[in-house]
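Notes for the structure review
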Number of protein chains: 4
Amino acid sequence: MSATRFTYLGPEGTFTEAALRTLPEAATRELVPMVSVPAALDAVRAGEAAAALVPIENSVEGGVTATLDELAAGEPLMIYREVLLPIAFALLVRPGTTLAGIKTVTGHPVAQPQVRNWLRAHLPDALWESAASNADGARLVQEGRYDAAFAGEFAAATYGLEPLVTEIHDAENAETRFVLVGRPARPSAPTGADKTSVVIWMGEDHPGALLELLQEFAVRGVNLMLIQSRPTGAGIGNYCFAVDAEGHIADRRVGEALMGLKRICPKVRFLGSYPRAGVARQDVRPLRAGTSDAEFTAASDWLARCQDGRTDI
Amino acid sequence: MSATRFTYLGPEGTFTEAALRTLPEAATRELVPMVSVPAALDAVRAGEAAAALVPIENSVEGGVTATLDELAAGEPLMIYREVLLPIAFALLVRPGTTLAGIKTVTGHPVAQPQVRNWLRAHLPDALWESAASNADGARLVQEGRYDAAFAGEFAAATYGLEPLVTEIHDAENAETRFVLVGRPARPSAPTGADKTSVVIWMGEDHPGALLELLQEFAVRGVNLMLIQSRPTGAGIGNYCFAVDAEGHIADRRVGEALMGLKRICPKVRFLGSYPRAGVARQDVRPLRAGTSDAEFTAASDWLARCQDGRTDI
Amino acid sequence: MSATRFTYLGPEGTFTEAALRTLPEAATRELVPMVSVPAALDAVRAGEAAAALVPIENSVEGGVTATLDELAAGEPLMIYREVLLPIAFALLVRPGTTLAGIKTVTGHPVAQPQVRNWLRAHLPDALWESAASNADGARLVQEGRYDAAFAGEFAAATYGLEPLVTEIHDAENAETRFVLVGRPARPSAPTGADKTSVVIWMGEDHPGALLELLQEFAVRGVNLMLIQSRPTGAGIGNYCFAVDAEGHIADRRVGEALMGLKRICPKVRFLGSYPRAGVARQDVRPLRAGTSDAEFTAASDWLARCQDGRTDI
Amino acid sequence: MSATRFTYLGPEGTFTEAALRTLPEAATRELVPMVSVPAALDAVRAGEAAAALVPIENSVEGGVTATLDELAAGEPLMIYREVLLPIAFALLVRPGTTLAGIKTVTGHPVAQPQVRNWLRAHLPDALWESAASNADGARLVQEGRYDAAFAGEFAAATYGLEPLVTEIHDAENAETRFVLVGRPARPSAPTGADKTSVVIWMGEDHPGALLELLQEFAVRGVNLMLIQSRPTGAGIGNYCFAVDAEGHIADRRVGEALMGLKRICPKVRFLGSYPRAGVARQDVRPLRAGTSDAEFTAASDWLARCQDGRTDI
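Residues numbered from 1 in each chain as written. Chains lettered and ligands numbered in written order. Predicted model: local features only at pLDDT ≥ 70, side-chain atom pairs only at ≥ 80, totals over all residues.

**Examining the relation of the copies chain C and chain D**
What relates the two chain copies is a rotation about an axis together with a slide along it. For the pair chain C and chain D, the superposition axis carries a translation of 0.0 Å, the fit reaches an RMSD of 0.1 Å, and the rotation angle comes to 180°. The transformation just described matches what one would write down for a two-fold rotation axis. Relative to the rotation axis, the closest C-alpha in chain C is found at Val219(C), a distance of 3.8 Å. Looking at the interface residues of chain C, 100% of them are also at the interface in chain D, so both copies use one shared face. (Least-squares fit on C-alpha atoms with pLDDT ≥ 70 in both. Contact = placed C-beta atoms within 7 Å.)

Shown next, in the form of structure tokens:
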């Protein structure tokens, strides 16, 4: 039954699985690895799974653009949760292998820039070849095709390997953001530390369009946390923008900004309002003066009085 | 009874009286000249007159700032009509006077720059002295104190003078805008060619405040027709702005812009929505895409569907 | 000889004369009252005076718009100094007059709103009539035409009157700004607390023009201190803007903003860069990051390196 | 010798090679395929190649983010040319294979979404597995591991395969943009149809920073053609932006915008000014009024006159 099943970007042993296992609701579900982000999401669209966990930002799995493009196109889906996972690699080898014995290494292509400095320092002569995923790289080491693979430490057991070195990451603070995606439904109630995701299509050949889009948010005091351009598929120079904004669609300032976008842009797709991972309500940036729900309501009341001839002040 | 009485900036024979007489509703009222704009408006506030006609823009009567300051302060009033009057002066003299016989001329101080070039060309040696109003200047000619006065041609008869020269105006297209002001009530319905007037107070010492104010209008596609800074009386550097915007408070784009101002500014005073003088509905500048009432309604509907989990597109 | 002569808005005994006498350079000049702002400035244009002091902002003399319009039109002039003068009125009477004996009062029309509340409280039944200037009002009291005049206390002696009440001003902090105007020449060197004045003409019927004008300043971090719209004389709806900006034309950020205006506006007239009155260098608002001369120079150097193929970072 | 050698993103038979062969200057060089974008660019940095051709936008090779990140980090490089290549896939098979006989297909992961609809229509039951590149997929078909591979038709001969179906592309107008990258040097002269690329780092946690960045371009009338956010590696929420702007660094409007960015952003990297591919000079969007070099020069001259006291108009 679909309600008991969550899909995720597989194979088993990827960072996505590790992220999914941090969610309490995952404990009681059947977790099904899928070969790709589209496959994981199509299972949700088809009603074969209740939700899918997929990477969406700064991922080492290469999932970002695939996820954004999938959410932007096809039958609508909605984001209900986000998960942040610190990313550190382990160098997985067959038992007995030493650093000196490593001539070839593999891993997902996106992992390579994240371990490049480490490789230069510790394995300057090893040859790198890419694998389809970090977990797939581990499998290829198991099969003897490569001497070592970069993957999550948690993947070692699955493939009968051992972590020779752990906590490898060139950049401090490397982390990946994952989203739990389901079919459209009413968003959960605002928590006070929320995020709203939308995809916005620009009109053709309008050089100031992005500036106008940003002003719809800025004039209502809505801060943006992410703006990511994506090709629309209609040729070079045609973009849509995936935007994450602070706040919840139920917040008046966010709702008014979304309506503004809806009016000036050819197409806007609402991807959900959901709690921000890792941010407590008290750590949210204070609202700009004049943008709270109370101030929106007061201004509506004032407008009604003006229209009614009861001018105050 | 107040409902039968309209006040106006007097004395009799001013351009304001001429403007008032162009209004059909003036035909059945008692028209009472007042010594000043504040006096004309205070009669309305006190219930002694139903409305007052006063100059508000580019006037030759010097009324602009007095009118703006009166509308901005004190008990609220509202604008219901505007009247545009082309301004051309006549040189009024006692019967028998010739150009060669004119040694002294008078008129309202604001008239002087409007006839300066004409004076230089035709009466280079005449001495100018200011009068309290153009009509008062005519009276002083009648009394023999000056040889000639600049005033409206219509003032000649009142003071027993004759127009020696007419249609004098240095600038082409000189005209004055007058407004009919009453106590606050529900504005008349939109005509499709409307104007909305507000006075907006800036926060103290916020250099970008005016830019933000303009953006509240711009982001909703509301064009401004006039913006006039006025001191608030709290010392040099403290301003409020009188703004005329295209559209009616009942237009969604105008209403949302006004609410935006209300939220970010310490004080906003609504001065009315009323038909534009001299502009037919078909001559109004087309709305920017995305700012019609229909588009506002469609965006509201879309937002409601999103909040309800019925994401389309 | 013109170099020894300063004109000012007369007559003797006005606030303008009081402001002029605060300037050290006035001590050694012949100070000549003129009947109007245009007359005072035309004397400078004609080479008959080295400079003229005229009110420019929030004046009780009614000089503001006359001054702005004169500076905007005709042969160019330039502002070299500004003077701020606190404004308080005295009620001048013939010796022996008491409050109870005052039936008629006079003063400049612009003085009236500034003493209105005082009049209502202390002389509710007195009749107000306007005079051509405050000093002229004093003269009319001397001649017996009115019982009392509002004017500067310093005007009492000139007209053989005595100040019955002093320090009258409805608004706290009432003050007038005067400017010393001469023929165009190289501005004095920056002091670190400077102001730049320009008049900017808008293109016809371009609703967003004012927003663009403000953005030319904002994008370079130049704060505006005053923006005043003035009709251009080409009919209702045609404006130019008189703008005072923080900083000196020799400051790179100000120079770049002025050039930006010059490119997008049909006409820009530079009215001068001069020291701010009443503001010490240490009290000037700090510059926005990235707008100092040093940062402008560093950016120019960087651009030259880029154009030269010496890309750093 | 390095001057005779161009590297490119290999292996042989990729779209990148096809793009490189469209450049006249490639005809006389040794063309060397490299295993990755970093490898191709590092060869240039090391002086082992004169230039490298790599995909930068909307690529089917997955090169975009790798290229952007490489250009943004490490030793500076500069873009000298761009190449646009229409992208259409061929389905390559071993001679004799028919559609009915295809059970497994491969290709680069980025190719998959571009042929997804075609697959659904024509090979609904075939199993997709990803390869490291399209060319590598072809090699795996040659080796018998898969039945068919999506790749450029030109890759067939290299791997002894034949194109069973050609011109496969779900989206109309699919194309990839490639750039020819070398060590920093003086950019080639403006052609009138140029493009300027920069990478801009945002200050931390400044929600309006992107809006300000766009305004630096907008206020000078510089149109943007691409804006792409990239993580800086300092954790979720830290971005830099790769921007392509219309015009050449030698154009005054572009130079001033770049200096503006340099002043307000922590870091700006100039990536080059180069001719736009596929756009003739006469097809370039007309400049906004006030942004031509002639207008910049006229404004500079005017400013100099103002500073010199020679105020005109």
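**Points about the interface of chain C and chain D**
Taken together, the 35 residues of chain C in the interface contact 35 residues of chain D. Listed by contribution, the elements that provide at least two residues to the side of chain C that touches chain D are α6 (209-218), α7 (252-264), β14 (267-275) and α8 (293-307) of chain C. If you tally residues by element for the side of chain C that touches chain D, the top one is α8(C), at eight residues. Its residues assigned to classes, the side of chain C that touches chain D comprises 17 nonpolar, nine polar and nine charged. (Helix = DSSP H or I, 4+ residues; strand = E, 2+ residues; numbered from the N terminus. Nonpolar A, V, L, I, M, F, W, Y, C, P; charged D, E, K, R; others polar.)

**A few points about helix α7 (residues 252-264) of chain B**
Taking 1.5 Å per residue, 13 residues should reach 18 Å; α7(B) reaches 19 Å between its end C-alpha atoms and fits that length. Most of α7(B) is tucked away: 13 of the 13 residues are buried. (Expected span 1.5 Å × (residues − 1). Buried ≥ 20, exposed ≤ 12 C-beta atoms within 10 Å, placed from the backbone.)

**Here we look at the sheet that holds strand β6 (residues 104-107) of chain D**
Residues and elements named next belong to chain D. Pairing is mixed in the open sheet, where five strands are placed in the order β7-β6-β8-β5-β9. Since the sheet does not close on itself, it has two edges, and those belong to β7 (127-130) and β9 (162-168), each with one partner. Each strand of the sheet is rotated relative to its neighbour by a mean of 25°, with strand direction disregarded. As paired strands, strand β5 (residues 89-93) and strand β8 (residues 148-151) are joined by four bridges and run antiparallel to one another. Bridge assignment links Leu-92 to a residue of β8, and that residue is Ala-149. Packed on one face of the sheet, helix α4 (residues 112-122) meets β5, β6, β7, β8 and β9 and runs near 100° to β9. Running over the sheet, helix α5 (residues 134-142) touches β5, β6 and β8 and is turned about 160° from β8. (Pairing = 2+ DSSP bridges. Axes fitted to C-alpha atoms, helices over the stretch in contact; angles between N-to-C directions.)

**Focus: the nonpolar core**
A general trend in soluble globular proteins is that nonpolar side chains are found buried together. Formed by 288 residues in total, the largest nonpolar core has its most connected members in Ala52(A), Ala52(B), Ala52(C) and Ala52(D). Excluding its chain neighbours within four sequence positions, the residues that come into contact with Ala52(C) are Phe6(C), Thr7(C), Tyr8(C), Ala40(C), Leu41(C), Ala43(C), Val44(C) and Val181(C). With 24 residues, the next largest nonpolar core counts Ala90(C), Leu123(C), Ala138(C) and Ala156(C) among its residues. (Core = buried A, V, L, I, M, F, W, Y, C linked by C-beta atoms within 7 Å.)

**Observations regarding the domain arrangement of chain A**
In terms of domain boundaries, chain A breaks down into domain 1 (1-86 + 173-185), domain 2 (89-168) and domain 3 (186-289). Summarising the inter-unit geometry, the C-alpha centres of domain 2 of chain A and domain 3 of chain A are found 39 Å apart. (Domains from an automatic or database assignment.)

**Here we look at the environment of Met78(B)**
Turning to its location among the elements, Met78(B) is positioned in strand β4 (residues 78-86). Residues Met78(B) and Gly101(B), spaced 23 residues apart in sequence, show a C-alpha to C-alpha distance of 48 Å. Here Met78(B) is in contact with Thr311(A), Val181(B), Gly182(B), Pro184(B), Ala185(B), Leu271(B) and Gly272(B), once residues within four sequence places are set aside.

**Description of the packing of helix α6 (residues 209-218) of chain B against α6(C)**
At their nearest, the axes of α6(B) and α6(C) sit 10 Å apart, and the two run at 140° to each other. The orientation of α6(B) with respect to α6(C), classified from their angle, is oblique. Where α6(B) crosses over α6(C), the handedness of that crossing is left-handed. Side by side, α6(B) and α6(C) meet where Leu210(B), Leu211(B), Leu214(B) and Ala218(B) of the first sit next to Leu210(C), Leu211(C), Leu214(C) and Ala218(C) of the second. Of the residues assigned to the contact of α6(B) with α6(C), the class counts are eight nonpolar, no polar and no charged. (Parallel < 35°, antiparallel > 145°, perpendicular 65-115°, else oblique. Left-handed = near helix turned anticlockwise from the far one by under 90°.)

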